Amino acid sequence: MEIKSGENKFYIGDDIKNTDAEVHYVPAGATRIIVDHTHVGEQLRGQGVGEQLVETVIGYARENNLSIVPLCPFAKHQFEIHPEYADVLAK
């Protein structure tokens, strides 16, 4: 399953406007992004796709020296259960 990059999001699917799954973020200044939405379509649920999308945005933040404000409940939960993500969690 290929995770693609779009404008302020990472997604799975052939249509960037009608994705099968996505994690969306909003830039918040020069050093932060806000993860505000994660969606996984019914056909992909239960396969760890949401976790993979959050891992992708975390990798993006690390590569670009960004911190993340996880407003999306799913992303926030991932930060709570994965202490190894603390390095990119906005203080």
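So, how was this worked out
- Residues numbered from 1 in each chain as written.
- Predicted model: local features only at pLDDT ≥ 70, side-chain atom pairs only at ≥ 80, totals over all residues.
- Heavy atoms only, no water.
- Core = buried A, V, L, I, M, F, W, Y, C linked by side-chain atoms within 4.5 Å.
- Buried < 20%, exposed > 50% of the residue type's maximum accessible area, 1.4 Å probe, protein only.
- Helix = DSSP H or I, 4+ residues; strand = E, 2+ residues; numbered from the N terminus.
- Contact = heavy atoms within 4.5 Å.
- Salt bridge = Lys/Arg side-chain N within 4 Å of Asp/Glu carboxyl O.
- Pairing = 2+ DSSP bridges.
- Axes fitted to C-alpha atoms, helices over the stretch in contact; angles between N-to-C directions.
- Expected span 1.5 Å × (residues − 1).

### Some points on the nonpolar core
Core analysis: the biggest nonpolar cluster contains 22 residues, and Ala21, Val35, Val49, Leu53, Val57, Ile58 and Ile68 have the highest contact counts within it. Looking at this core, the elements that each hand over two or more residues are β2 (9–12), β3 (21–27), β4 (32–40), α1 (49–63) and α2 (73–81). Top element by residues in this core is α1. It accounts for six residues. Those residues in contact with Ile58 that lie beyond four places of it in its chain are Ile68, Phe79, Tyr85 and Val88.

### Focus: the pattern of salt bridges
Counted under the stated rule, the structure contains four salt bridges. Where Lys9 meets Glu22, a salt bridge forms, and the shortest distance between an N and an O atom there is 3.3 Å. Of the two residues, Lys9 sits in strand β2 while Glu22 sits in strand β3, which places them 13 residues apart along the sequence. As a salt-bridge pair, Asp87 and Arg62 come within 2.8 Å of each other at their nearest N and O atoms.

### So, the sheet that holds β2
Spatial ordering of the open sheet is given by β1-β2-β3-β4-β5, a layout of five strands whose pairing is mixed. With partners counted over all chains shown, the strands left at the sheet margins are β1 (4–6) and β5 (67–70), one partner each. Taken pair by pair, the neighbouring strands of this sheet meet at an average axis angle of 30 degrees, ignoring direction. Across the sheet, α2 is in contact with β4 and β5; its angle to β5 comes to roughly 120 degrees.

### Quick notes on α1
Relative to the 21 Å expected for 15 residues at 1.5 Å per residue, α1 spans 21 Å between its end C-alpha atoms, a close match to the ideal helical length. Residues of α1 that are buried: Val49, Gly50, Leu53, Val54, Val57, Ile58 and Ala61. For α1, the secondary structure elements touched by its buried residues are β2, β3, β4, β5 and α2. Of the residues one or two after α1, Asn65 is the one with positive phi, at around 50 degrees.

### Observations concerning unusual backbone geometry
Backbone geometry at Asn8 places phi at a positive 60 degrees, although glycine is not the residue there. Mapped onto the elements of the fold, Asn8 is located in the loop between β1 and β2. Take Asn8: its relative accessible area is 25%, and that puts it in the partly exposed class. Phi angles above zero are rare outside glycine, and Asn65 is one such case at about 50 degrees. Relative to the helices and strands, Asn65 resides in the loop between α1 and β5.

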